[in-house]
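The residues making up each chain are set out below.
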Amino acid sequence: MSTAKPPVFATLGCRLNAYETEAMKELAAQAGLGETVVVNTCAVTAEAVRKARQEIRRLRRDHPDATLVVTGCAAQTEPETFAAMSEVDRVIGNTEKMQPATWARMAGPDFVGDTEKVQVDDIMSVTETAGHLIDGFGTRSRAYVQVQNGCDHRCTFCIIPFGRGNSRSVPAGVVVDQIKRLVDRGYNEVVLTGVDLTSWGADLPAAPRLGDLVMRILKLVPDLPRLRISSIDSIEADDALMQAIATEPRLMPHLHLSLQAGDNLILKRMKRRHAREDAIAFCEEARRLRPDMTFGADIIAGFPTETEAMFENSLRLVEECDLTWLHVFPYSPRKGTPAARMPQVHGTAIRDRAARLRAAGDAQVARHLGLQVGRSHRVLMENPRMGRTEQFTEVTFSADQPESQIVEARISGHTATQLVA
C-alpha cells in the first residue's frame, strides 16, 4: 500500500485562481503526483506578491520534504522572484499549470533530476483557453464556469494582462454543455467568470457578445434556476445583455462593475475607456430596466496624481451610482506598469481615502439592508443557516433550511452585514 502523501494546494487571489486550483488538483490526481506543495499566486498588487512569499515560507516550514511548486500570475510576471527563493523547487507559468503534460512530468521518475527550475513561456503567444476544465467548482449550491481568460486592455495600474495574456473565449457550445451537466447534477445557480468578462466572444467566429452568450444559456438550459455574471466593464455592455437584464428573471439582479475611479482625469490616466458620466448612465439604465438591481464596484484609492478634489469625485460616485458592495483597493505601484512611474500619492493620504471609501460603502450596505426589512426574498441556501438573495445579500436563519435549495424568506431584521429571516 502506498504511503505517499497527497499534494497540498494553496490559493491566493481571485475566484478564477480558485477555479484553476480545482482543475490542477484533478490534473495532479490523474498524473499520480505525490508529496508536493503547489502555491497558486496572485499579482494584482505588490502586497499580493508579498503575501505569496510569506505563504511559501510558511508552507516550506510545514512540509520540509515536499517538492514546492509556485505558479499563478505572480509566477508568470516575475518568475525570477520565486526562483531565487531557497524554499522553491519549481516555478511554472499560467499556461503550463493547465497542461496535463506538466503534471505528468512532475510525477515522473526523471523529475527529481531535472535542473530546469523555471517553466514559464510567453503568455502573449497563447491564443486559446481551456474550455471544460472542471464541473462544479464552488459550493454545493453555486457553481463557477470560466468562459474567458486574459485581457486585451492595458490599464496603466494593472499587471494582470502580463500574467494572463490576451483575451481568449470559451466557445458558447462548450459553455452550454458544461452548464447542462451542472444543472443535471443539481446546481441551482451558475456564475460566469473570467478576467475581462465583457470581452467574451471577440476572438470567436462572428464575434458574438457576452449578452448573446447569456441569452443562449437561458434559452438552451431552461431548467437552470439562476444565472449570475461576475465583474463586468460597464462600457462594454452590449444590447443583448441589456435585453437580458430587462426580460430574463433568471439572470440575477446583481452586477459587479469595474469602475476604478470617479474622476475623469484619473480615469484617463488609468487608461480606462469610460467617463464618470458613462458609469452613472449605465447604472441608471440598468436599474430602470431592472428596478431591483444592485451594484458592486472596484474602486482604487490614491491613484498617482489624485488630488483631494479628484478623490471626492470617486467618493460621490458611490451615491450617484447607488453602489452597494464596494471592493476598495488602496493603490500600490506594480513594477513594470506606467502608473508606477507617475507621481505617487503619500501613503497616509491613500490609507485615509481608502478608509473613507469603505465607510461610504458601509453606509450604502446599511441602507440596502434596511430597505429589505419586511420584504420577501428567494434565497439560495449555501449552508443550513445561511443563503443569499438574488441581489447576493447574505441572509441568516434561526432554523435549518434545505441546503443548496431556493427557499422563500420574509426578512425580519438585519445585522451590520446580513439580513435576518
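Residues numbered from 1 in each chain as written. Predicted model: local features only at pLDDT ≥ 70, side-chain atom pairs only at ≥ 80, totals over all residues. Heavy atoms only, no water.

Undergrad: Now, about the domain arrangement of the chain: what can you tell me, with residues and values included?
TA: In terms of domain boundaries, the chain breaks down into domain 1 (8-119), domain 2 (142-368) and domain 3 (375-420). Every contact between the two is made by 17 residues of domain 1 and, on the other side, 16 residues of domain 2. Summed over both sides, the interface between domain 1 and domain 2 buries roughly 1400 Å², with carbon and sulfur atoms accounting for 56% of that surface. Contact with domain 2 buries area across many residues of domain 1, yet Arg 15, Leu 16 and Tyr 19 alone supply 40% of it, more than any other trio. Applying the counting criterion to the domain 1 and domain 2 interface returns two salt bridges. Note that Arg 334 is salt-bridged to Glu 78, the shortest N-O span being 3.4 Å. Viewed at the interface, domain 2 and domain 1 are joined by five residue pairs in polar contact (both at pLDDT 80 or more). For the side of domain 1 that touches domain 2, the secondary structure elements donating two or more residues are helix 1 (15-31), helix 2 (46-62) and helix 3 (73-77). A per-element tally of the side of domain 1 that touches domain 2 places helix 1 first, with five residues. Residues that form the side of domain 1 that touches domain 2 fall into these classes: eight nonpolar, five polar and four charged. (Domains from an automatic or database assignment. Contact = heavy atoms within 4.5 Å. Buried area = accessible area lost by both parts, 1.4 Å probe. Salt bridge = Lys/Arg side-chain N within 4 Å of Asp/Glu carboxyl O. Polar contact = N/O pair within 3.5 Å; in protein donor to acceptor, adjacent residues only side chain to side chain. Helix = DSSP H or I, 4+ residues; strand = E, 2+ residues; numbered from the N terminus. Nonpolar A, V, L, I, M, F, W, Y, C, P; charged D, E, K, R; others polar.)

Undergrad: Give me the lowdown on the sheet that holds strand 5 (residues 118-119), citing residues and values where you can.
TA: Here five strands make up an open sheet; going across it, the order is 1-2-3-4-5 and the pairing parallel. The two strands at the open ends of the sheet, each matched to only one other strand, are strand 1 (8-11) and strand 5. Summarising the sheet, strand 2 (residues 36-41) and strand 3 (residues 67-72) pair through six bridges and their orientation is parallel. The residue bridging Val 37 from the neighbouring strand is Leu 68, located in strand 3. Most of the contacts of helix 2 go to strand 3, to which it runs at about 160 degrees, and overall it touches strand 1, strand 2 and strand 3. Contacts between helix 5 (residues 100-107) and the sheet are confined to strand 1, strand 2, strand 3, strand 4 (90-92) and strand 5, with strand 4 contributing the most and set at about 170 degrees to the helix. (Pairing = 2+ DSSP bridges. Axes fitted to C-alpha atoms, helices over the stretch in contact; angles between N-to-C directions.)

Undergrad: Tell me what's going on with helix 8 (residues 210-220), and back it up with residues and numbers.
TA: Along helix 8, the positions that sit buried rather than exposed are Leu 210, Gly 211, Leu 213, Val 214, Ile 217 and Leu 218. Take helix 8 and look down its axis: the buried residues cluster within an arc of 160 degrees, on one side only. The inward-facing, buried residues of helix 8 abut helix 7 (172-184), strand 9 (189-193), strand 10 (226-229) and helix 9 (239-247). (Buried < 20%, exposed > 50% of the residue type's maximum accessible area, 1.4 Å probe, protein only. Arc of directions from axis to C-beta.)

Undergrad: Could you give an account of the pairing of strand 9, with specific residues and numbers?
TA: Across the five residues of strand 9, five count as buried, placing the element largely inside the fold. Side chains Glu 189, Val 191 and Thr 193 of strand 9 all project onto a buried face; the interleaved residues Val 190 and Leu 192 project onto the opposite face, where all are buried too. Inspection of the sheet shows strand 6 (residues 142-146) paired to strand 9 by five bridges, in the parallel sense. Opposite Ala 143, over in strand 9, you have Val 190 as the bridge partner. With four bridges connecting them, strand 9 and strand 10 associate as parallel partners. In the sheet register, Val 191 faces strand 10, and the bridge partner there is Arg 228.

Undergrad: An account of the packing of aromatic side chains is requested, with residue identities and associated values reported.
TA: Enumeration over the complete set of coordinates arrives at three aromatic pairs. Ring plane angle 40 degrees and centroid distance 6.2 Å describe the contact between Phe 9 and Trp 103, whose orientation is recorded as tilted. One end of the pair, Phe 9, is in strand 1; the other, Trp 103, is in helix 5, and 94 residues separate them in sequence. Pair check on accessibility: Phe 9 and Trp 103 agree, each one buried. An angle of 70 degrees between the planes, with centres 5.6 Å apart, marks the rings of Phe 303 and Tyr 331 as edge-to-face. Here Phe 303 is found in the loop between strand 12 (294-301) and helix 12 (308-320), whereas its partner Tyr 331 is found in the loop between strand 13 (325-330) and helix 13 (347-372), with 28 residues between them in sequence. Here the two residues Phe 303 and Tyr 331 agree in accessibility, since each one is buried. (Phe/Tyr/Trp six-rings, centres within 6.5 Å; stacked < 30°, edge-to-face > 60°.)

Undergrad: How would you summarise helix 1 if you had to cite specific residues and measurements?
TA: Between its first and last C-alpha, helix 1 extends 25 Å over 17 residues, near the 24 Å set by a 1.5 Å rise per residue. Residue Gly 32 follows helix 1 closely and has a positive phi angle near 75 degrees. (Expected span 1.5 Å × (residues − 1).)

Undergrad: Let's hear about the pattern of salt bridges: which residues, and what values?
TA: Scanning the model with the defined rule gives 28 salt bridges in all. Note that Lys 97 and Glu 20 form a salt bridge whose closest N and O atoms lie 2.9 Å from each other. Of the two residues, Lys 97 is situated in the loop between strand 4 and helix 5 and Glu 20 in helix 1; the sequence distance between them amounts to 77 residues. Here Lys 97 matches Glu 20 in class, with each residue buried. Between Glu 306 and Arg 353 there is a salt bridge, with its nearest N and O atoms 3.0 Å apart. Residue Glu 306 is found in the loop between strand 12 and helix 12, and its partner Arg 353 is found in helix 13; the two are separated by 47 residues along the sequence.

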